[in-house]
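# Results of the structural survey
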Amino acid sequence: MENPRGLPAPPALGAAALPSGTYEGQVVLVTGGGTGLGKAIATEFARLGADLVIASRRAEQLKAACEELAAVPGAGRVTAAVCDIRDPDRVAEVFDAAQAASGLPDVLVNNAAANFPSPAEDLSPHAWRAVVDITLTGTWFMTREFGRRHLAAGTPGSIVNIGASYAWTGGPGFAHSAAAKAGVKNLVETLAVEWGPYGIQINGLVPGLFPHADMTQDIRSGMERAAPEAKDARQPALRVGVPRELGWAATFLASPYARFVTGHTLVVDGANWQRRSVVNPEVVPLRTQLGRGPFAP
C-alpha cells in the first residue's frame with residue numbers, strides 16, 4: 001500500500017551548509033533584510049562570518065533585526081540603512097555609508113519587493129507602479145550601483161536576485177508582480193554575460209512556500225482559506241520550506257564554491273511550481289477566488 005513520506009526535514013537550526021568563516025572579511029548587503037525571508041537569508045550569511053548591511057524602509061524593523069542578527073554565533077558587524085530602493089540617490093548614499101562603515105559590499109542580495117493580489121482589470125496606474133517600481137526598478141537601481149562600483153574598482157562581486165516562479169509561468173492575480181519578476185529574471189541572464197568578464201556573477205533565487213512570522217496578511221489569508229492541515233499535502237514534498245533552507249541556497253550561490261554558476265535561477269520550492277494534475281480542476285475565475293464581485297469600471 002502506498003505510504004508517501006515526502007522530502008526529509010532539513011538539518012537543525014544553527015547548522016551551516018558551508019565551512020565556518022566562509023564569509024569572514026566579506027560585506028553582504030541585503031535589501032528587505034529587516035524581516036521575513038530577507039532576515040532569514042541575512043542570518044545564514046551572519047552565521048558564516050559576514051559583515052552585514054541590512055536595508056529597509058522601516059527604521060523600527062531594522063533596529064530589532066540588527067540586534068537579532070548581531071547575536072547570531074559567528075556574525076561580524078551588523079549595520080542598518082533606511083532606504084527606499086526606488087530612489088537612486090538614496091541607493092547611492094546607502095552604498096557610500098556601507099563602504100565607509102565596512103567596505104564596498106562583496107555580495108548584494110536583492111530581496112526587497114512589493115506585492116498584493118488583484119484582478120488585472122482592478123489595478124490602478126498607482127498600484128501597478130508601486131509594485132513594478134520597487135520590485136523591478138528598485139532592484140535595478142541597487143544592481144546598477146553595485147555593478148558600477150565594482151567595475152570602477154576592478155573587483156569581483158556576487159549578486160543574488162530573489163525571484164518568483166511566475167516569471168516563467170505567468171501569475172494570474174499578480175500581473176504586476178509577475179511582470180516585474182520576469183524582468184528581474186531577465187536581468188540575471190543579461191548581466192551575467194555583460195559583467196562576467198569583469199568578475200561579477202549574478203544569479204536568481206526563487207522561494208516556494210516558506211511560512212514565517214512576517215508574512216503579509218494577503219498571503220496568510222490565502223493559506224487560511226485552505227484547511228490549515230492541507231498546506232503540506234498541497235506540496236509534492238509533503239512539507240513546506242523552512243526559511244533557513246533559502247538562506248543556505250543564497251549563501252551557496254554567492255560563495256567561492258559557486259563561482260562558475262552565473263546567469264542561473266535556482267528554484268527552492270520542493271518542485272511545487274512544476275506540479276500538474278492528470279485531470280485539471282475546474283476553472284474558478286480569479287474574481288471569485290478573491291471574493292470580488294463583478295467588475296464595475
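Preceding this paragraph is the structure being described.
The structure presented is a predicted model; accordingly, all values stated were derived computationally and were not measured. (Residues numbered from 1 in each chain as written. Predicted model: local features only at pLDDT ≥ 70, side-chain atom pairs only at ≥ 80, totals over all residues. Heavy atoms only, no water.)

## Things to note about the overall build of the protein
A tally of regular secondary structure across the protein gives nine helices and seven strands. Each of the three principal axes of the protein carries a C-alpha extent, and together these read 55 × 55 × 40 Å. Taking the contacts inside the protein whose residues are at least 6 apart along the sequence as the reference set, 78% of them involve residues at least 24 apart. Just so you have it, the protein exposes about 14800 Å², and 56% of that area is on carbon and sulfur atoms. (Helix = DSSP H or I, 4+ residues; strand = E, 2+ residues; numbered from the N terminus. Contact = heavy atoms within 4.5 Å. Areas by Shrake-Rupley, 256 points an atom, 1.4 Å probe, with all protein chains shown as cover.)

## Section: the sheet that holds strand E6 (residues 200–207)
One open sheet accounts for seven strands, arranged E3-E2-E1-E4-E5-E6-E7; its pairing is parallel. Of all strands in the sheet, those bounded by a partner on one side alone are strand E3 (78–82) and strand E7 (265–268). Within the sheet, the average angular offset between the axes of one strand and its neighbour, ignoring direction, is 20°. Relative to E3, strand E2 (residues 51–56) is paired through five bridges, and the arrangement is parallel. Along E3, the bridge assignment pairs Ala55 with Ala81. Strands strand E1 (27–31), E2 and E3 of the sheet are contacted by helix H3 (residues 88–101), whose axis makes an angle of about 160° with E3. Against the sheet, helix H8 (residues 243–253) touches strand E5 (157–162), E6 and E7, its axis set at about 165° to E6. (Pairing = 2+ DSSP bridges. Axes fitted to C-alpha atoms, helices over the stretch in contact; angles between N-to-C directions.)

## What to know about the nonpolar core
Of all hydrophobic cores here, the largest spans 30 residues; its most connected members are Tyr23, Val28, Phe45, Leu52, Val109 and Leu205. Elements represented by at least two residues in this core include exactly E1, helix H1 (36–47), E2, helix H2 (59–70), strand E4 (107–110), E5 and H8. The dominant element in this core, judged by the number of residues it contributes, is H1, at five residues. The contact partners of Val109, leaving out residues within four places of it in the chain, are Val28, Leu29, Val30, Thr31, Ile41, Phe45, Val160 and Ile162. One finds Phe95, Leu187, Ala192 and Ile200 within the second-largest nonpolar core, a separate group that totals 26 residues. (Core = buried A, V, L, I, M, F, W, Y, C linked by side-chain atoms within 4.5 Å. Buried < 20%, exposed > 50% of the residue type's maximum accessible area, 1.4 Å probe, protein only.)

## Some details on the pairing of E4
Successive side chains on a regular strand alternate, one facing one side of the sheet and the next facing the other. Neither face of E4 is open: one carries Val107 and Val109, the other Leu108 and Asn110, and all of them are buried. Relative to E4, E1 runs parallel, the two sharing three bridges. The residue of E4 that forms the bridge with Val28 is Val107. Both E4 and E5 contribute to a ladder of four bridges, which runs parallel.

## Overview of the environment of Thr139
The residue Thr139 is located in helix H4 (residues 125–153) in this model. Beyond its immediate stretch of four places on either side in the chain, Thr139 contacts Ile85, Asn110, Ala112, Ile134, Asn161 and Val184.

## Regarding unusual backbone geometry
Of note, Leu238 is a non-glycine position whose phi angle comes to about 60°, a positive value. Here Leu238 lies in the loop between helix H7 (217–225) and H8. Its identity as a non-glycine residue notwithstanding, Ala271 has a phi of 70°, on the positive side. Structurally, the position occupied by Ala271 is in the loop between E7 and helix H9 (286–289).

## Considerations on the side chain of Ser56
With respect to the helices and strands, the residue Ser56 is situated in strand E2. Aside from chain neighbours lying at most four places away, what touches Ser56 is Gln61, Leu62, Ala81, Val82 and Cys83.

## Regarding H4
Compared with an ideal rise of 1.5 Å per residue, which puts 29 residues at 42 Å, H4 spans 40 Å between its outermost C-alpha atoms and is within 8% of the ideal. Where H4 bends most, at Asp133, the angle is about 40°. Of the residues one or two after H4, Gly154 is the one with positive phi, at around 70°. (Expected span 1.5 Å × (residues − 1). Bend = angle between axes of the 7 residues up to and from the residue.)

## Structural notes on the state of the cysteines
All told, the structure shown has zero disulfides when counted by the stated rule. Cys83 supplies the cysteine sulfur nearest to Cys66, a cysteine that is in no disulfide, at a spacing of 14 Å. (Disulfide = S-S within 2.5 Å.)

## Quick look at the packing of aromatic side chains
If you walk through the whole model with that rule in mind, you get three aromatic pairs. Measuring from ring centre to ring centre gives 4.9 Å for Tyr23 and Phe45, while their planes differ by 70°; the resulting arrangement is edge-to-face. With Tyr23 in the segment before E1 and Phe45 in helix H1, the pair connects residues that are 22 residues apart, well separated along the chain. Overall, Tyr23 belongs to the buried group, its relative accessible area being 2%. (Phe/Tyr/Trp six-rings, centres within 6.5 Å; stacked < 30°, edge-to-face > 60°.)

## Here's the deal with the packing of H1 against H2
Running from amino to carboxyl end, H1 crosses H2 at an angle of 30°, the nearest separation of the two axes being 10 Å. Here H1 is positioned roughly parallel relative to H2, judged by the angle of their axes. Considering the relative orientation of H1 and H2, their crossing is right-handed. Within the contact between the two elements, H1 uses Lys39, Ala42, Thr43 and Ala46 and H2 uses Ala65, Glu68 and Leu69. (Parallel < 35°, antiparallel > 145°, perpendicular 65-115°, else oblique. Left-handed = near helix turned anticlockwise from the far one by under 90°.)

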